[in-house]
Amino acid sequence: MACDGGAFPRPTGAQERIDAIDVLRGIALLGVLAINVVMEFRVSIFEQFLASKPPASPLDDAIETILTLAVELKALALFSLLFGAGLAIQFDRLADSERRTPLLVRRLAVLLAFGLIHLCLIWNGDILTEYALAGLIVLPFLFGPRWLLAVAALASLLLYLAMQAFPPAGLFPSTETITQHVADATRIYATGGFLDVLAFRLREIPLIAPLHAFIFPRTIGLFLLGAFAWRAGLLQNAPGRLLWIAAPCIGLGAALILVGTEALGTILLALGYGAGIIGIASLRSGKALLGWAAPLGRMAFTNYLAQSLIFGWIFYGYGLGLFGRLGVASALAIGLAVYAGQVLFSAWWLRRYRYGPVEWLWRTLMYGAAQPMRQTA
């Protein structure tokens, strides 16, 4: 996002974007897709909380273990860091505009509207609603000094770790409730029509809400940490420093996860992933290696929503009805095929247009005026 003389704010042009951040966003989307398709579209999200699960092949068990240890929650943590950094970038680039605060509040309000539509009508695994609410909380901190971002981030992450160690009583449903709900989900999602699935999805939201409440302090903390990283200059052409940060974070994070300290290990591993990918993508050789992910990252909003529509049709009863019928490996193969298609589509689209379709609509609603779409405009 940029300003011309402070009078007419406009979206950031392609030449002004930081490609390494788009690369990280595109790769993080792969992690989110893998977890969503395996653990939330293939089966009920609550199946993971049951003591006994249906038997699986050794391959399925191995893939699920790898995803759980190396990807689950880490990909969402990466997106939280990126969202916080993106909010800080927009805030700083609008510094000369008197409309800065109204524009950013409107941007988050539009995101909230998208999130609620996605949550209620498309898929209740939505993360956009949580991100919009967290963004509204973090926005006032951007007016403060850099140290305030660091202190607030530390406080939020410590609260999150405390909630992991001492879970609030009554936050989660009982085992009996979860068991019955998984059985109902397997039946309705696999065989129900669109209205049946819609009604069950809405009934499921109160059960899913505590899962978001449990990680909400972490989301806020990582937003603030991403904003701090931007303000500290870590995301602007500092591959050497980032790679030095990546190695110990990945090593310590992996060690903590292996010994069972998953909450802190997840945060450190996500920091290591982010620092390593941005560091590599900032190098000339890294751009050649990872540049394919940048168009996908520029269209992450469009691709995220498209994945929900595609997987809903594949797994729910109003489409192919594969819910509960596939193993982990088969579901992941479908997800990877969708992702590969989105890589190709994103590159093709952005050769012709400035933004993804949803990104264009988001910017248009934010600025209150239709934005130019075609590259030749």
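All values reported here derive from a predicted model rather than from experimental measurement.

## A look at the environment of E204
Next up, step 1: Along the chain, the position of E204 falls in helix α8 (residues 194-231).
Next up, step 2: For E204 and A51, which are 153 residues apart along the polypeptide, the C-alpha to C-alpha distance reads 21 Å.
Next up, step 3: The residues contacting E204, other than those within four sequence positions of it, are S44, F46, N124, H181 and Y189.
Next up, step 4: Separated by 2.7 Å, the side chains of E204 and H181 make a polar contact.

## Observations concerning the side chain of E359
Next up, step 1: Relative to the assigned elements, E359 resides in helix α15 (residues 357-367).
Next up, step 2: For E359, which is buried and forms no salt bridge, the nearest opposite charge comes from R363, at a distance of 5.9 Å.
Next up, step 3: Separated by 2.9 Å, the side chain of E359 and the backbone nitrogen of F301 make a polar contact.
Next up, step 4: Ignoring anything within four residues of it in the chain, the contact list for E359 reads R298, M299, A300, F301 and T302.

## Concerning helix α13 (residues 300-315)
Next up, step 1: With 16 residues, α13 should cover 22 Å at 1.5 Å per step; its first-to-last C-alpha distance of 22 Å lies within 8% of that length.
Next up, step 2: Counting buried residues in α13 gives 12 out of 16 residues, a clear majority hidden from the surface.
Next up, step 3: Along α13, the residues classified as buried are A300, F301, T302, N303, Y304, L305, Q307, S308, F311, G312, I314 and F315.

What counts, and at which threshold
- Residues numbered from 1 in each chain as written.
- Predicted model: local features only at pLDDT ≥ 70, side-chain atom pairs only at ≥ 80, totals over all residues.
- Heavy atoms only, no water.
- Helix = DSSP H or I, 4+ residues; strand = E, 2+ residues; numbered from the N terminus.
- Contact = heavy atoms within 4.5 Å.
- Polar contact = N/O pair within 3.5 Å; in protein donor to acceptor, adjacent residues only side chain to side chain.
- Buried < 20%, exposed > 50% of the residue type's maximum accessible area, 1.4 Å probe, protein only.
- Lys, Arg positive; Asp, Glu negative; His and termini not counted.
- Salt bridge = Lys/Arg side-chain N within 4 Å of Asp/Glu carboxyl O.
- Expected span 1.5 Å × (residues − 1).

The values reported here are purely geometric and, on their own, carry no functional implication.
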